[in-house]
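# Descriptive analysis of the structure
Letter by letter, the chains look like this.
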Amino acid sequence: AFGVFCLAFFFNREEFGPVFVQEPHDAVFALDSEEKKVMMSCEARGNPVPVYSWFINGTVVETENRYSLIDGNLIITNASETADYGRYQCKAENSYGTVLSRDALLQFAYLGSFSGRTRGGVSVREGQGVVLMCTPPPHSPEIMYSWVFNEFPSFVAEDSRRFISQLTGNLYVSKVQPSDVGSYICLVKNTVTNARVLSPPTPLTLRTDGLMGEYEPKIEVHFPLSVPAARGVTVRLECFALGNPVPTITWRKMNGNIPKKARLRKSQAVLEIPNVQLEDSGTYECKAENPRGGTAFKGHIQVYTFPQWISTINDSQLDSGDQLHWECKATGKPRPTYRWLRNGEPLTPQSRVEMVNGELIIQKVQQADSGMYQCVAENKYGAIYCSAELKILASPPVFSPNPVRLIATLGKDMLLGCRPRASPKPRVTWRRGDRRIQPSRRIMLLRNNTLRIINSTRSDEGNYVCRAENQFGSAEMTAMLWVKEAMRVDLSPSSVEVTVGESVVLSCRVSHDPSLDVAFQWLLNQQPLNFQQEGGHFEYTQTQSSTVDLMIRSILLKHAGKYGCRAQTSADTVLAEAEVLVRGPPGPPGVVIVEEIKDTTATLSWSGGVDNHSPISSYNLQARSPFSLGWQTLRTDPEPVTGDMESAMAVELNPWVDYEFRVVASNAIGTGDPSAPSRGVRTKEAVPSVVPANVSGGNGRRHELVISWEPVSEEFQNGEGFGYIVAFRANGTRGWKEKMVTSADSTMYKYRDETFPPLTPFEVKVGVYNNKGDGPFSGVVTVYSAEGEPREAPSEVKASSISSSEIKVTWRPPNPGPGRPRGYEVSYRKDSEQEESGNRKKTVGNETSMVLTDLEGNSVYLITVRGFNSIGQGPASTTSTAKTKKDPPVQPPANLVWIQEGTNVSLNWDPVKSKDNESDVIGYKVLLSQEGRVHNQVMRTITPSAVLSLPEGGTYIIEVRALSEGGEGAISSQVRVLTSSGKTRLW
């Protein structure tokens, strides 16, 4: 069942009837679920707390055995489809009435098994159509169908020739082919439990008695003649035909168009209409055609809607004898009908009760009419409930508060109210002392039982008693009246004009009855001032009990307005007001409109903003573009733009640039906020007027003239099709050669001519152009053609070994002339290596020597040198050879012995003997370092001994290396010496 429940407004009282908070929903319970319990939810609020009961298919559910209640929720244990399938409804009740929930459908999900019987085979001719039946097992609710071909998981793919109906589950093949021969298994899946079962296989074979000829289409599966659909769901229409050749399916809507949101699926065999609406109702036709003929089927989609509330009922309190008039309205298709419930039972027309089209009228309500009422709107697709409580009041008069103390002022009118709570309405009388008050010219009794005293005097002071009574009882209320002197304003705040940033003081003083206290409040534009939120601009001071001041510091424009001083006693209130006018810079001008745009000018108009009480003296026009740093002030015509103008021309703009404009107003006080930016506009195109800067050139390859420049910014290109005109001529010639460079971002042009020699001087200039025409040229500069790569090789190349890993190379540079080297490259390789595997090393500048490092010891190296510049490399020198020295000894000095001699340390060690492949030892290197410092002392000796002086206190480390032509040998073990106070300790 479908339903929507309306929570009605209920009165703010301690006790009330039940109102649903949660109602049961439709549910599907899987029979194979491990949880064997079903819960139908229901919750209501009320005071007293409601009690609950349930109905299934209109029969009361006995809460015993398998049924139990937890709060309002119904728990069903060991639920079964046979006993528990149906519609459930919850009832909530307390002493104020009873309400029924919407009903909810409980279904059970299961999927049975296919029959185990073997299915007979199907034999057809090639080209014939066939339908393979699925015959699904018992199930609930919906299932999905698919088919397996030969073995799982090889599924049948649907196309224009094969279709699986989700209505029947059958597999339809419009035209059988030899590839279709095999075994087919229907697979069904429960959409709730996801359980799946497979049917026994159905063999499909081809007959051998010939082919099937062509035949016209026959629609085998189609949607129903009438398709009811709830608004908002997706409607799925199926249509598939057998035929040879394979039929084509087309769709149309009779007397209308198929909705644009509709989608065709499964090779047009399925028409899907998502989120179906009332306007999608109508007759739809599917048509199957092939060259042999065609056939069609028509069916009607009827879109329905569940009832929905337009207006509902609210809780009501009525006096006994009053009339109740409730009305509820709902929409739906079909149109809903209405019925009424009182305390869960149907309400029928009676002499006092009338029910017509959702209206309920009860004449002369009685206490017995109290209770919970429900309006039910329903059509064939669902029902919705709305509830409200009717309370019939029956109580004696009650006054609160009682007594009442009132203060009037001399000469003013006074109202004494009398508003008892009672039902039905009571009869009211007034008395003063023992005498009943009779209406007069000064004293009147109003219709609402209020006593009005005109022009109060001292003699009106005293006690006034209001008496109210009805059939349930009576009550009295005493009003004690005092008459006091009226309050008056002695000093009102004065209206003033101030300038932004100045300060002002407003004063206020009143006279009042000395027996009453007075309170003051300051207002701005009739709203109380919030001193905490005004950032310290306002300060309130009370100099005397009846005098207050308001100081406004550093006044702002927003502080302008009407200020009020309100003085109040328990008797009366007075208000004194003054206007504060604040002068300040102008407000922002109105919308800026670009009236006309040209290449370098724009005519702007605007509307003047508020002048903030100081006449506008001038306007500034501002603009910004993608090339500007923020907003820039513009030159104008006329200049200046005076305050009485609302249009002007901006001049000296750049052509073909996107601009936004704004206007800023100024007056004698200052400059105001800018207007909102105008819409973006682009100035018209014009011939370019800015030439490239820094025209120069040089370098390049031999016979090349390289001309370079700084490109012109897009801001100054003035239009589309921007480019450069490069003009040049050799010195002493007359005609200019001109070349077009079409890229606006270009910075260089190269001209090659084999006829001119290196370093030929040229006169050069660079001009600009765009689609509007040619612009000016830059000034003429002299640029030399390229001198080319070096032509000569370095001479006198010499190479000498420094150590086992280093060779020093020197050379003499080539003679001066074109192609001067900017550096040199040294190529080197071992004589046993191929030239391609050699190494190269370049000088930093024009050095004429280089030390090659990281070489192999005792090896011959072949070395050449060539010059290079930005153009390329020159020829290589003749090859020079050098052989690195043998490697230094790998044996470190051993058996270090030291002797202390005062502050000196004598050190001896065993001599190092070189091997045949090592350089001869020519001496030793002794290293002395103080621990914790980087500085080392080095001592050289040709003998295996040394004497070291250690003048400072601290820890010293001593190490020894052998020296050879091939370099330094391995280092010895360390000797650590600790000196302190002139003494030396070794370890």
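Computed from a prediction, not measured in an experiment: that's the story for all the values here.

Scanning the protein from terminus to terminus reveals one helix and 91 strands. Each of the 987 residues in the protein was classed as buried or not, and the buried ones make up 44%. Expressed as a percentage of contacts within the protein between residues at least 6 apart in sequence, the contacts between residues at least 24 apart total 64%. Once the 104 positive and 107 negative side-chain charges of the protein are each reduced to a mean point, those two points are 2 Å apart.

So, about the state of the cysteines. Under the criterion given, the structure shown has six disulfides. The disulfide that involves Cys239 links it to Cys286, with 1.9 Å between the sulfurs. Handedness here is read from the sign of the S-S torsion; for Cys239 and Cys286, about 60°, the answer is right-handed. Of this pair, Cys239 sits in strand β24 (residues 235-244) while Cys286 is found in strand β28 (residues 282-290), placing the two residues 47 residues apart along the sequence. Taken individually, Cys239 and Cys286 each receive the classification buried, so the pair is uniform in this respect. A sulfur-sulfur distance of 1.8 Å marks the disulfide that ties Cys328 to Cys375. In this structure, the disulfide formed by Cys328 and Cys375 twists by about 55° around the S-S bond and is classed as right-handed.

Attention now goes to the side chain of Ser678. Of note, Ser678 is situated in the loop between β65 (658-667) and β66 (681-682). Judged by relative accessible area, Ser678 falls into the buried class, the value being 4%.

Before going further, it helps to examine the confidence of the model for the protein. Residues of the protein with pLDDT of at least 70 account for 97%, and the chain-wide mean is 90. Confidence over residues 1-12 falls short of pLDDT 50; this stretch has 43 contacts with residues more than four positions distant or in other chains. The low-confidence segment residues 982-987 (pLDDT under 50) makes 20 contacts with residues lying over four places distant or belonging to another chain.

Okay, the pairing of strand β5 (residues 43-47) next. Burial along β5 is one-sided: the residues Ala44 and Gly46 are buried and none of Glu43, Arg45 and Asn47 is. When strand β2 (residues 16-22) meets β5, the two strands line up antiparallel, connected through four bridges. Among the inter-strand pairings, Phe16 is bridged to a residue of β5, identified as Asn47.

Here the UniProt-annotated "domain: Fibronectin type-III" (unreviewed entry) positions come out as residues 588-686, 691-788, 793-887 and 889-982. End C-alpha to end C-alpha, residues 588-686 measures 34 Å, and it is 0% helix and 42% strand. In the segment residues 691-788, helix accounts for 0% and strand for 50%; the C-alpha atoms at its two ends are 30 Å apart.

To continue, consider the UniProt feature "domain: Ig-like" (unreviewed entry) in the protein. As recorded in UniProt, the sites labelled "domain: Ig-like" (unreviewed entry) are residues 18-101, 124-199, 217-302, 307-391, 397-478 and 487-581. Between the first and last C-alpha atoms of residues 18-101 the distance is 11 Å; the span itself is 5% helix and 57% strand. With 0% helix and 62% strand, residues 217-302 has its two end C-alpha atoms placed 28 Å apart.

We now examine the pairing of strand β16 (residues 143-149). With six of seven residues buried, β16 is to be regarded as a mostly interior element. Bridge count between β16 and strand β19 (residues 182-190): seven bridges; the pairing is antiparallel. Its bridge partner being in β19, Tyr145 is matched across the sheet by Val188.

With that settled, the discussion passes to a nonpolar patch on the surface. On the surface, a cluster of nonpolar side chains totalling about 250 Å² of accessible area is made up of Val500, Leu556, Leu557 and Ile669. Locating Val500 in the fold gives a position in the loop between β50 (496-499) and β51 (504-511).

What follows is about the environment of Lys253. By the secondary structure assignment, Lys253 is in strand β25 (residues 248-253). Looking at Lys253, the relative accessible area reads 12%, which means it is buried. A sequence separation of 47 residues divides Lys253 from His300, and the C-alpha atoms of the two residues are 9.6 Å apart. A distance of 3.2 Å separates a polar atom in the side chain of Lys253 from the backbone oxygen of Ser281.

The subject of this paragraph is the environment of Arg635. Its location among the elements puts Arg635 in strand β62 (residues 635-637). Sequence separation between Arg635 and Gln622 is 13 residues, and the spatial gap between their C-alpha atoms is 8.9 Å. Setting aside residues up to four positions removed in sequence, Arg635 forms contacts with Met649, Ala650, Val651 and Glu652. A distance of 3.2 Å separates a polar atom in the side chain of Arg635 from a polar atom in the side chain of Glu639.

Once that is clear, we can look at the sheet that holds strand β14 (residues 130-132). Paired through backbone hydrogen bonds, the strands of a sheet run either parallel or antiparallel to each other. Ordered by their spatial adjacency, three strands build an open sheet running β14-β18-β17, and the pairing between neighbours is antiparallel. Single-partner strands in this sheet number two, and they are β14 and β17 (162-164). For this sheet the average axis-to-axis angle between neighbouring strands, irrespective of direction, equals 15°.

Right, let's talk about unusual backbone geometry for a bit. In this chain, Asn47 is followed by Pro48 through a cis amide linkage whose omega measures 10°. Within the element layout of this structure, Pro48 appears in the loop between β5 and β6 (51-56). Ser140 connects to Pro141 through a cis peptide bond whose omega is -10°. Note on placement: Pro141 falls in the loop between β15 (139-140) and β16.

Our focus in this paragraph is the pattern of salt bridges. The full count for this structure, using the stated rule, is 40 salt bridges. Two residues, Arg342 and Asp369, come together in a salt bridge whose shortest N-O distance is 3.6 Å. Linking Arg342 in strand β33 (residues 337-342) with Asp369 in the loop between β36 (359-362) and β37 (371-379), this pair joins segments that are 27 residues apart in sequence. Take Arg342: its relative accessible area is 24%, and that puts it in the partly exposed class. The shortest N-O distance in the salt bridge between Arg583 and Glu497 comes to 3.2 Å. In this pair, Arg583 is assigned in strand β57 (residues 573-583) and Glu497 in strand β50, connecting sequence segments 86 residues apart. Residue class for Arg583 comes out partly exposed when judged on its relative accessible area of 22%. Salt bridges here are not isolated pairs; linked through shared partners, they connect Arg427, Arg431, Arg467, Glu469 and Glu476.

This next bit is on the side chain of Ser625. Residue position: Ser625 is located in the loop between β60 (616-624) and β61 (632-633). The class for Ser625 is buried, based on a relative accessible area of 13%. Setting aside chain neighbours within four positions, we find Ser625 in contact with Val657, Asp658 and Tyr659.

Per the stated rule, a full pass over the model turns up 24 aromatic pairs. Judged by centre distance (5.3 Å) and plane angle (75°), the ring pair of Phe756 and Phe762 falls under edge-to-face. For the residue pair Phe756 and Phe762, the accessibility class agrees, reading buried in each case. Look at Trp909 and Tyr924: their rings are 5.4 Å apart centre to centre, the planes differ by 75°, and that puts the pair in the edge-to-face class. Of this pair, Trp909 sits in strand β84 (residues 904-910) while Tyr924 sits in strand β85 (residues 921-930), placing them 15 residues apart in sequence. With relative accessibility at 4%, the residue Tyr924 sits in the buried group. Taken together, the aromatic side chains of Phe728, Tyr749, Tyr751, Phe756 and Phe762 make up a single cluster linked through ring pairs. The ring centre of Trp656 lies 5.0 Å from the NZ or CZ of Arg682, which sits over that ring. The cationic tip of Lys842 hangs over the ring face of Phe868; the distance from NZ or CZ to the ring centre is 4.5 Å.

Cut-offs and rules
Residues numbered from 1 in each chain as written. Predicted model: local features only at pLDDT ≥ 70, side-chain atom pairs only at ≥ 80, totals over all residues. Heavy atoms only, no water. Helix = DSSP H or I, 4+ residues; strand = E, 2+ residues; numbered from the N terminus. Buried < 20%, exposed > 50% of the residue type's maximum accessible area, 1.4 Å probe, protein only. Contact = heavy atoms within 4.5 Å. Lys, Arg positive; Asp, Glu negative; His and termini not counted. Charge placed at Lys NZ, Arg CZ, Asp CG, Glu CD. Disulfide = S-S within 2.5 Å. pLDDT = per-residue confidence, 0-100. Pairing = 2+ DSSP bridges. UniProt positions renumbered as here; feature names shortened; annotations may be inferred. Patch = residues over 30% accessible without salt bridge, like charges linked within 9 Å, V, L, I, M, F, W, Y side chains within 5 Å. Areas by Shrake-Rupley, 256 points an atom, 1.4 Å probe, with all protein chains shown as cover. Salt bridge = Lys/Arg side-chain N within 4 Å of Asp/Glu carboxyl O. Polar contact = N/O pair within 3.5 Å; in protein donor to acceptor, adjacent residues only side chain to side chain. Axes fitted to C-alpha atoms, helices over the stretch in contact; angles between N-to-C directions. Phe/Tyr/Trp six-rings, centres within 6.5 Å; stacked < 30°, edge-to-face > 60°. Lys NZ or Arg CZ within 6 Å of the ring centre and 35° of its normal.

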